Structures are given as structure tokens and as C-alpha cells.
Amino acid sequence: MNIKDYLSENVVILDGGMGTLLQKEGLAPGELPERWNISRPDVICNIHRDYFDAGSNVVNTNTFGANSLKFDEEELENIVKAAVENAQRAKIDSKGCQEKWIALDIGPTGRMLAPLGDLDFEEAVAIFAKTVKLGVKYGVDLVFIETMNDSLETKAALLAAKENCDLPVFVSNAYSEDGKLMTGASPLCMIAMLEGMGADAVGINCSYGPKTLAPVIREYIKYASVPVIMKPNAGLPKSVNGKTVFDVLPAEFAADVAGFMKEGVRALGGCCGTTPEYISELAKECRGYTPFPITDKGISVVSSYTKAVTFGKRPVLIGERINPTGKSQFKEALRNGDMEYILKEAISQQEKGVDVLDVNVGLPEIDEVEMLTRSVCEIQGICDLPLQIDTSDISAMESAMRRYNGKPMVNSVSGKKESMDAVFPLVKKYGGLVVALTLDEEGIPLAAKGRESIARKILTEAEKYGIMKKDIIFDPLALTISADSTAGCTTLEAVEKISKDIGAFTSLGVSNVSFGLPRREIINSTFFALALGKGLSCAIMNPYSQDMMKTYHAFCAACGMDDNCEKYIDYAGKLEDERVLVEKKQESSNISGGSSLQNAIIKGLKEMSASITTELVKSKNPLDVIKEEIIPALDTVGVGFENKKVYLPQLLMSAEAAKSAFDVIKTAMGGVKSSDKGTVVIATVKGDIHDIGKNIVKLLLENYGFCTIDMGKDVPPEEILRVVVEKKVTVVGLSALMTTTVPAMEETIKLLREKAPWCKVIVGGAVLNKEYAKMIGADFYAKDAMEGVRFAEEICSSGE
């Protein structure tokens, strides 16, 4: 039986941890566990068999880190082949009578994708694709993508799987204590993107124990329309009599996880610290249970890497200003490749309160494929709003959708067969909420009934591609009343018909109604109010128009869409602030508050930061610029990050902007160091190739004035000691992502204690916590990069 068919009617028991079991069998610190598929197949086979005997329906191959970054082509194939064969032998040898499947296990690459890191998106897709092809070649039943903590890397892995096999694909992500991925995505963001791309099951694994992950898994149960996965850790690691154990025992673990099964989780297992005993207890708890039916939640949603916007709660505002139509300055910026102009426009509209940004860069004389894709990627680097990809160029549309981090709005498809044939396959492959124009080969119907008919035709055609009504939003087309005095009434009637009779969401480019008339904002705001009253779901509009924004906030407050009128009161306060500023004749830039350089850094605008710094150092001491502008900006972002108001992408882009300012200052000072707080050695320990966390720490340390010696990844303890002794370094930062590489971290610390006792050690990584760090001898545990910087400052300022 196919796993998808079985999952649709039954609870599926997954397997548990692998790394901790291999350590018990003698896996040495720094040794790559994937090589045991070949060198110790008996051990791997026995672990798989024990999971099958315990009741697992699905066992993951020992290929978590099997990718072309870690192994050459020949060894990679040999490892995947052996891994699948080991699992197949275990399946045959197992005494269990349950249905059994073998999943190709795929974990993260360990590198950060651009623009936050140096791994190109397409390179990541290619890396995952190699592993997928090998898994398919040697006979796996499904692909299981797990422990992903970056939404864009998750997308790359899922895309690779979908493009290179027709097997079911399960995807689970690893969430931090705040209920977000490392790069800031919420559960709804991930559900929106992954369901849109066709994942067959979605959920969570690793990180914490069942109770801690309860809020996250309940978000999945609430929003997911596909089966939900849960594979938590056996709690947190701790030391008992010198040994590492986890604080949730099998019976408690099984009861907790089975409790979530009764709330709606469909596929259950364990991650770090769990063993066949845990899975056996879980299987007993789940035996005989008839699960809830899997239902479509019917949620219309778009997302970025951190924000999800749902339709139907209140009207959604789409900022229209990133569009060259009628904007000579914007056209010139596009011709010159001036991305800073576009980025400032994105930030400014976000500050005006829009929910989504429309991105249209269509000019005949430019390469729209390149420019649209670049614009989408760079806007996402500094702005966390969802985007509407707006183009009639199908190649540009696909390129931008492919690279988009989240689930975008797509503008647009029409009732023309040629349009639907081109756009719907892209929406099906990449996911998206598509704007559908109510026109076809015969043009725009004059009557509202005709536009409704086209909307129904579009829905019927979309169903053939598996695209549901929740992922289509109809634009009944606002035409100018200067040419036809009844045009506005017809559009309003069409909005009402599509909203009420079809039960679909609607969108309008509101300002089209006033084309050719004077004082257009008077018509626009009144028409907007009328359309909202007819059920308009969202509007592409100018957020700089006070008349439009007044109408919007007043409507939401008057119609019960603004709790306690909070948003209206906030908007009214901003209007008053603007009035006061005008009276005082104070100039303000598009980026509000604080100094220009501070704000450019906070917003992550690299070119602007460098440009402002260049002007500042002409009249100001460079060290004063650092002290009064750059460091306060970094501190603002750092505090926001620590308080969970700013997420990793914004932190890194701000750090890059600060770096561009520092580069200008360094030049102005003739290459002399702008500051020197001390030297820190950083390394990912032996056997671990995951250097995302280390690289983030490096960037922040350098911005805060530290000299860093980056020793890279998979670094032997002896090499770290050699550099520490040679350079007389007082601070070392060690990183490890995997349970199997923590012993190498411990070994490194012991060596430093013995040979370099003056050196303080900061450790970090997904598998660590404060107690565990203390157990292995570290001086400090940094839960995130900013905490690592704070500890380094504390150590160096104290002179220890």
C-alpha cells in the first residue's frame, strides 16, 4: 500500500533517534555517522530492525548528512546505496506485522543560503537533488526532509524532491523556544509555503520535548490541511553520574505525544534521545485509535519568511508604489539598476502600514527576468512583508516565484486559455495565491454577470490543476468612470456577486476608477469605501494617500474589524505627529526616526549606509561615527533580536549594512583598525560541517570591534589549541549542530583546559543547553549569536 493512502486513514508510527544510539555503539567524536552504513552495516541494520520491531511504520535511512558538500560523488552513492540496503534488510528481518516503509532521510546542508549566507539557492537545490536521485535509484518509498531551521533551505529541499521523483514527500522543521524557525518563520508561514508546493505531510521534529513544543504543534493542527508530523526530542539533555541522559522517559514521552495524536497529529515518532523503547511505548499508546479525518482548513494565506497574511479577517492592503507606470524616477532607477531606490520604496510603504507589497518592474528596455528576480530577493533581504509578484512575462514570473521565500501573491491570470495554461502550472508547482482578472478572449464584460461567469470558468479550469478556490482571488477590474459613468457601479456589483454568490475573495486596483479626472484621491477614497462595503477583500492602493488610509482605518473601526479601535487610534496619532512636523517645518526622510545612518543600518540598506558614512566622515571624527551612529544602531537591532521583535534575517542584513559603513571608516582612517576589543577564535568542531551559527557570530563579533580567527568547520581539537596557544587568545567560540559531534566539543574543551587554562570557552548549537554546556566544561552557553557577543564583551572587558 502507498504510504499516502495509508496515512489518509491511519495513524503512522515513525522511528526515533539515530545519533545517540550510534554513540552508544562506539561512534567516535568527529566520526561521520553516514559512513557506518558501509563500515558497520550490522549496527545500522539492527537499529532499523529494532524500530520496526517496536512498531514503526516508517524508518528513516541513515543519510541525514549525506550530501555532496560532505562526500564526493562516488562515496555519496555508495553511502546512500548501503543505507537503503540496510533499511531494506531490517524491514525483511523484522518480526513486526505492521505496514512498513523506508524513507530517504534528508537533513540541512549546514550552510546559510543567500542573501544571508554564501550558498546560492540553485546550488542548494542541486545538492539535495543528487541525494534524492540516489534514494530513488536504490528503492526508497518516500522522502523525509527534516530538522530544517531555514524556510528557504526547506523550499530548496522540497523543490529538489518534487523535481526529481514522484514519491511522497514529508517535511518537518525544527523550531526554537519562541515558536519560530531560526530565520523567523512561524508555523503558519511554513504550512502556507509547504502545502502550496505540494508537501504530502508537514510538521515538527527535534528542538525540545513534547510539552515544550505543544504551542507549535497546535498551530499545525489548527492550520494544516495535510497530515501533521510530530517527532520531538526526549526532552533536554542533562548529566547523571557523568553520562548524558534526556529528561523525558519513555512512558511520559509516549503519553504526551499520543495526547497530540488525539488532537489531530497523524504521524508520530521521536528525535534526539529517543530509542526503540520510546517508540514501542508510543505504538502501544496509539494502538486501535481511529484518527480525526484530515480536512481542508480553507485558509487563504500568503507569506514571507516571517509573516503570514490571511484573507477574510479584515481587508488587506497591497502597496502599489513599486511599479514604473507613470513614475519617471522609478523608470530611471530600473534602467540604471538602482536597487536602493526600490528598497527604500519597500521600507517606506511598510512603514505606512500595508500588508503586502506589489512588485512590478516591467520596462521594455530591461531584462525583466533578471530584474524581477533580483528585486524580489533583495526586497526580501530587508523587508519581511509578503510580496505580490506582478508581471505578464511568464519567464519572469517563474523565476521570481522559484526564488521567493514563502508563498507569494501572483498577479495575474485571466480567463484566457493561453493565460491559464501558462500560469496555473506555476502556481501548482511553486505555490501562490493567484489574482484572477475577470476578462477573457472577448475582453472585459460590460455587465457584472459576465465577470462573474468568467470567475466561475477560471475556478473550473483551476480545479483541473488541483488549485482550489482558497488560492484564487478575483479582480473584477475597476474601469474609469470618466469614460463610462456606470463603470464604477458595474465593478461594485461584480465585487458583491463574486464575494457572496461564489464565496471567493476579491481584489481591485482602486485608483483605476478615477483615471482622467482631477483630484483623483476624492474619487478613489469614496469608491474604496463603497467597494469595502460590498465585501472587497483587498486593494492595490497608494499608502501615501491620506484619504485612502483614512477611509481604510475608519471602515475597519466602524465594522468591528479593529479591536478596541487600536489601529485607528494609532493611525490618528501618526497623522497628528505628521501635522506637528509640518508645522515645525522639519524635513523627514522615507525612513523615520533617529539619525539617517542609524536608520539605514537598522533597515539593512548597505549602499545607503556607505553613502551616508562617506559624507559623515568629511565633517566628523570616524571614531565618533562608530560610537554615536553605528554601535547604537547595532545595539537597537541586537536588543530587538534578543526580545524576539527582530529575527535573524534582519539582524544579518543590519550587520552587513554596518560592515559597509565600517569599510568606509577604515578607508578614511588609512586602513587602521577602527577598534580592537580583543581576539576570538571560532570554529565548528571536528566531524560537524554545519557552520551557519559560527558564521553569524563571526559577522556580529567583527561589527562589535572584535578580531576573529575563523578556523572553519570540522576542526580537530589539536588545531584549535595550536592557534589559541600561538596567538594567546583569551576567548574561543565552539559550535556543534549534531548530537554526534558534541563529544568532539567536549574533547576540545578538555584539551584547552589542560594546555590553555587562561582561555574562556563559549559554546552554542541546536543540541546544547545551559546545563549540558556546563557538563562538558564550557564557561558560557550562548543560546544565540547576540548572546555570544555579549559574553565576549563581558570576558574581554573584565580582562580575564
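Residues numbered from 1 in each chain as written. Predicted model: local features only at pLDDT ≥ 70, side-chain atom pairs only at ≥ 80, totals over all residues. Heavy atoms only, no water.

This paragraph deals with the overall build of the protein. Summing up its helical and strand segments, the protein has 30 helices and 25 strands in all. Relative to the compact-globule value of 28 Å for 800 residues, the protein shows a C-alpha radius of gyration of 28 Å, a close match. Here the C-alpha coordinates of the protein stretch approximately 85 × 70 × 50 Å along the principal axes. For the protein, buried positions account for 58% of its 800 residues. Within the protein, counting contacts between residues at least 6 apart in sequence, those at least 24 apart form 75% of the total. As presented, the protein carries roughly 31400 Å² of accessible surface, and 51% of it is formed by carbon and sulfur atoms. Considering the protein, the positive charge centre built from 90 side chains and the negative charge centre built from 111 side chains are found 2 Å apart. (Helix = DSSP H or I, 4+ residues; strand = E, 2+ residues; numbered from the N terminus. Rg over C-alpha atoms; globule rule 2.2 N^0.38 Å. Buried < 20%, exposed > 50% of the residue type's maximum accessible area, 1.4 Å probe, protein only. Contact = heavy atoms within 4.5 Å. Areas by Shrake-Rupley, 256 points an atom, 1.4 Å probe, with all protein chains shown as cover. Lys, Arg positive; Asp, Glu negative; His and termini not counted. Charge placed at Lys NZ, Arg CZ, Asp CG, Glu CD.)

Over its 14 residues, helix 16 (residues 417-430) extends 20 Å from the first C-alpha to the last, a length consistent with the 20 Å expected when each residue adds 1.5 Å. Among all positions of helix 16, only S419, M420, V423, F424, L426, V427 and Y430 are buried. For helix 16, the elements touching its buried residues are helix 7 (151-164), helix 8 (187-197), helix 15 (394-403), strand 16 (409-414), strand 17 (433-437) and helix 17 (448-464). Two residues or fewer past helix 16, G431 is found with a positive phi of approximately 80°. (Expected span 1.5 Å × (residues − 1).)

So, about the packing of helix 22 (residues 596-603) against helix 23 (residues 606-616). Here helix 22 crosses helix 23 at 160°, and the two axes come no closer than 9 Å. With respect to helix 23, the axis of helix 22 lies roughly antiparallel. Considering only the axes of helix 22 and helix 23, their crossing is left-handed. Across the interface between the two elements, S596, L597, A600 and I601 of helix 22 pack against M608, S609, I612, T613 and L616 of helix 23. Residue classes in the contact of helix 22 with helix 23 are distributed as six nonpolar, three polar and no charged. (Axes fitted to C-alpha atoms, helices over the stretch in contact; angles between N-to-C directions. Parallel < 35°, antiparallel > 145°, perpendicular 65-115°, else oblique. Left-handed = near helix turned anticlockwise from the far one by under 90°. Nonpolar A, V, L, I, M, F, W, Y, C, P; charged D, E, K, R; others polar.)

Within the largest apolar cluster, 212 residues are counted, with the highest numbers of intra-cluster contacts made by I145, Y220, I379, F474, F528 and I630. Per-element tally for this core: the top contributor is helix 25 (residues 648-668), with nine residues. With residues up to four places along the chain from it excluded, the contact list for I379 reads I322, I342, L343, A346, L357, V359 and L387. With 29 residues, the next largest nonpolar core counts V681, V763, V767 and A773 among its residues. (Core = buried A, V, L, I, M, F, W, Y, C linked by side-chain atoms within 4.5 Å.)

Taken in spatial order, the eight strands close into a barrel running 13-14-15-16-17-18-19-20, and their pairing is parallel. Between one strand axis and the next, the sheet turns by 30° as a mean value, whatever way the strands run. As paired strands, strand 15 (residues 387-390) and strand 16 are joined by three bridges and run parallel to one another. Bridge assignment links I389 to a residue of strand 16, and that residue is V410. Each of strand 16 and strand 17 is contacted by helix 16, which is oriented at about 155° to strand 16, the strand it contacts most. (Pairing = 2+ DSSP bridges.)

Enumeration according to the criterion identifies eight aromatic pairs in this entry. Ring centres of F144 and F170 lie 5.9 Å apart, and the angle between their planes is 70°; on these two criteria the pair is classed as edge-to-face. Of this pair, F144 sits in strand 4 (residues 142-148) while F170 sits in strand 5 (residues 169-173), and the two are 26 residues apart along the sequence. For the pair F144 and F170, one class covers both residues: buried. When the ring centre of W36 is taken as origin, the NZ or CZ atom of R40, which lies over that ring, is 4.8 Å away. Taking NZ or CZ as reference, K231 lies 5.4 Å from the ring centre of F144, over its face. (Phe/Tyr/Trp six-rings, centres within 6.5 Å; stacked < 30°, edge-to-face > 60°. Lys NZ or Arg CZ within 6 Å of the ring centre and 35° of its normal.)

A sheet is described by the order of its strands in space; here five strands give the open sequence 22-21-23-24-25, paired in parallel fashion. Unpaired on one side and paired on the other, strand 22 (707-710) and strand 25 (780-781) mark the two borders of the sheet. Inspection of the sheet shows strand 21 (residues 679-684) paired to strand 22 by four bridges, in the parallel sense. Bridge pairing links I682 to D710 in strand 22. Contacts between helix 28 (residues 742-755) and the sheet are confined to strand 23 (731-735) and strand 24 (760-764), with strand 24 contributing the most and set at about 170° to the helix.

Examined against the element boundaries, I366 turns out to sit in the loop between strand 14 (356-359) and helix 14 (368-382). By relative accessible area, which is 16% here, I366 ends up buried. Considering only alpha carbons, one finds I366 and L69, 297 residues apart in sequence, at a separation of 36 Å. With sequence-adjacent residues up to four places away left out, I366 is seen in contact with L334, R335, V361 and M371.

This next bit is on the packing of helix 8 against helix 9 (residues 214-223). Between helix 8 and helix 9, whose axes approach to 9 Å, the crossing angle comes to 45°. Comparing their axes, helix 9 and helix 8 come out oblique. Where helix 8 crosses over helix 9, the two elements pack in a sense that is right-handed. For the pair helix 8 and helix 9, the contacting residues are P187, L188, M190, I191 and E195 in the first and V216, E219, Y220 and Y223 in the second. Counted by class, the contact of helix 8 with helix 9 contains seven nonpolar, no polar and two charged residues.

Let's shift gears to the confidence of the model for the protein. Per-residue pLDDT for the protein averages 92, and the proportion of residues at 70 or more is 96%. Overall, residues 585-594 carries pLDDT values under 50, and its contacts beyond four positions in sequence, including any with other chains, amount to 13 contacts. (pLDDT = per-residue confidence, 0-100.)

Alternating residues of strand 7 (residues 228-231) divide into V228 and M230 and I229 and K231, and every residue in both groups is buried. Two elements, strand 6 (residues 201-205) and strand 7, share four bridges in a ladder whose sense is parallel. Looking across to strand 7, one finds that N205 is bridged to K231. As defined by bridge partners, strand 7 adjoins strand 10 (residues 267-268) across two bridges and the pair is classed as parallel. Residue I229 lies in a different strand from strand 10, and its bridge partner there is A267.

Right, let's talk about the pattern of salt bridges for a bit. As enumerated under the stated definition, the model contains 49 salt bridges in all. Salt-bridge contacts for D635 lead to R790; the nearest nitrogen and oxygen are separated by 3.8 Å. Placement of D635 in helix 24 (residues 622-642) and of R790 in helix 30 (residues 785-798) is noted, with a sequence separation of 155 residues between them. Residue D635 is classed as partly exposed on the basis of its relative accessible area, which comes to 29%. Since its relative accessible area comes to 24%, R790 is described here as partly exposed. Between E793 and R790 there is a salt bridge, with the nearest N and O atoms lying 3.9 Å from each other. With a gap of three residues between them, E793 and R790 both fall in helix 30, about one helical turn apart. A single salt-bridge network, built from bridges that share partners, covers E122, E163, R402 and K429. (Salt bridge = Lys/Arg side-chain N within 4 Å of Asp/Glu carboxyl O.)

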